[in-house]
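Breakdown of the fold
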Amino acid sequence: MRFRFCGDLDCPDWVLAEISTLAKLSSVKMKLLCAQVLKDLLDEGIDYDKVTKLTADAKFESGDIKASVAVLSFIFSSAAKHDVDSESLSSELQQLGLPKEHTTGLCKSYEDKHSALQDKLRETSLRLGRLESVSWRVDYTLSSSELMEVNEPIIQLKLEAQGAESGSRETTVVSVSADKFRVLLAELKQAQAMMNALQ
Amino acid sequence: MLLVLSEEHKLHLAFLPKVDTKVVGEFGRITMEFLRRGTSPKIYEGAARKLCVPVEIVQHGVEGLMFLMLESSKHMLTEVDFLDSVLVLGFDEELNQILLQLYLKHRSQIRSILSHLPSSLPSYHNLEWRLDVQLASRSCCQQVIPMLTMRLLLTRGYDSHSDYSSRVLQTDPSTLLYLISTLEEALAAIKTSHARRILRNIK
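Let us look at the structure shown here. (Residues numbered from 1 in each chain as written. Chains lettered and ligands numbered in written order. Predicted model: local features only at pLDDT ≥ 70, side-chain atom pairs only at ≥ 80, totals over all residues. Heavy atoms only, no water.)

Let us look at the overall build of chain B. Assigned secondary structure in chain B consists of 8 helices and 3 strands. The helix and strand sequence of chain B, counted from the amino end, reads α-α-α-α-α-α-β-β-β-α-α. For chain B, buried positions account for 30% of its 203 residues. Long-range contacts, defined here as pairs at least 24 residues apart, represent 56% of the contacts in chain B between residues at least 6 apart. (Helix = DSSP H or I, 4+ residues; strand = E, 2+ residues; numbered from the N terminus. Buried < 20%, exposed > 50% of the residue type's maximum accessible area, 1.4 Å probe, protein only. Contact = heavy atoms within 4.5 Å.)

Right, dumping it as structure tokens:
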């Protein structure tokens, strides 16, 4: 059976198994658990003590707690990834056996945070070598050991970026002469015009 | 199967019947901590002072107990086999029962610690990807080149919780299709009758 929220693929077996675990919670507790899992996905921090308290009534062991958090994270992130609207999500989850009240609560939370979740996922998409900051300085060279009167402007550029392979911050310092810098600026302006045309 | 204990090992363990059962339990706890986190000489010195025996005797006793537990867990000894192996040491029944209980309680933990020991090749942890289209470059405007960029995260083999090594890869769609078909062929190899026959015999 193909499900849209799984990207038009079969639903993984573990998700099917854990949906029956979720059904053991009351629908109110389920809605609160969804709120906690959404906070975790949006990087606002998850409060594990609250989660433990919510699941204590249904006597979840630590394995069950982890499984229910995992299955909710999967459902939310996968549905946001494939841009599934909440009615389709609701009908698909009910097909998988999640009771109606639980599904309604889950889909309401999903709908509220749908665009925030997609923005967060867009931010965390793979990007290599992200540029963090640029700083510059213009100097004027008066003279040097080679030539007594140089009288040339020169630009120092400091680029801080995340290394492409390592992911840690790397600083690159370059000094550019006036002519080279004019060429650089013209090329970058061309690229900027292309980017603006796409937006 | 029975464990064959060397003479030296039997000598080291000969310390155990000379102390009471509570101390043996304490030694068991020190042994498990040793397996989980290693040990420090202070623990041995403290125990030696309390029992008024030299530090080496305490150390040998703990290490002998630990080796006994390790070997029994490694070979998955049943209760009967464990008792038979320990019988050769000539301990009394109560001590044998205590050792048996210690073994049974910690067997699965010891086995999981042992299974992490052999070093292995870096294994898959995560794959992030993005699909881009190159529209222009400095030398050539008006291009359309689709590209897939991937970051493969691998664990470093010996410890699944240490830092991950990452590899950045880039491919065009036709290489990607070839990659997918090769991996699917590999997956299909599990379903051949030859592979199934072997898996059936291992189980």
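When you go through chain A residue by residue, the secondary structure sums to 7 helices and 3 strands. Across chain A, helices and strands are ordered from the amino to the carboxyl terminus as α-α-α-α-α-α-β-β-β-α. Burial analysis of chain A (199 residues in total) assigns 30% to the buried set. Residue pairs in contact within chain A that sit at least 24 positions apart in sequence constitute 58% of those at least 6 positions apart. Here chain A has roughly 12600 Å² of accessible surface; of this, 53% comes from carbon and sulfur atoms. (Areas by Shrake-Rupley, 256 points an atom, 1.4 Å probe, with all protein chains shown as cover.)

To continue, consider the sheet that holds strand β3 (residues 169-177) of chain A. Residue and element names in this part refer to chain A. In spatial order, the strands read β1-β2-β3; together these 3 strands make up an open sheet with antiparallel pairing. Two strands in the sheet have a free side with no partner beyond their single neighbour: β1 (131-141) and β3. Along the sheet, successive strands turn relative to each other by an average axial angle of 15°, direction set aside. Relative to strand β2 (residues 152-162), β1 runs antiparallel, the two being bridged by 10 bridges. Considered in β2, the bridge of Asp139 is made with Ile154. Here helix α7 (residues 178-198) sits on the sheet in contact with β2 and β3, set at roughly 120° to β3. (Pairing = 2+ DSSP bridges. Axes fitted to C-alpha atoms, helices over the stretch in contact; angles between N-to-C directions.)

What follows is about the pattern of salt bridges. This structure, assessed with the given rule, holds 12 salt bridges over all chains. The residue Glu132(A) makes a salt bridge to Arg169(A) at a minimum N-O spacing of 3.1 Å. Of the two residues, Glu132(A) is situated in strand β1 and Arg169(A) in strand β3; the sequence distance between them amounts to 37 residues. Classification of Glu132(A) by relative accessible area gives partly exposed; the value is 37%. For Arg169(A), a relative accessible area of 54% gives the class exposed. When the shortest N-O distance is used, the salt bridge between Glu128(B) and Arg151(B) registers 3.6 Å. Remark: Arg151(B) occurs in strand β2 (residues 145-155) and Glu128(B) occurs in strand β1 (residues 124-134); sequence separation between them is 23 residues. Classification of Glu128(B) by relative accessible area gives partly exposed; the value is 26%. (Salt bridge = Lys/Arg side-chain N within 4 Å of Asp/Glu carboxyl O.)

A few words on the sheet that holds strand β3 (residues 164-171) of chain B. Residues and elements named next belong to chain B. The sheet built from 3 strands is open, its strands ordered β1-β2-β3 with antiparallel pairing. Looking at which strands have only one partner, the edges of the open sheet turn out to be β1 and β3. Geometrically, the sheet is characterised by an average inter-axis angle of 15° between neighbouring strands, direction not taken into account.

Residue and element names in this part refer to chain A. Inspection of every chain in the model, using the stated rule, returns 4 aromatic pairs over all chains. Relative to Tyr110, the ring of Phe76 has its centre 6.4 Å away and its plane inclined at 20°; by these criteria the two rings are stacked. Highlighted residues: Phe76 in helix α4 (residues 62-81) and Tyr110 in helix α6 (residues 100-123), separated in sequence by 34 residues. In this pair, the class of Phe76 matches that of Tyr110, namely buried. (Phe/Tyr/Trp six-rings, centres within 6.5 Å; stacked < 30°, edge-to-face > 60°.)

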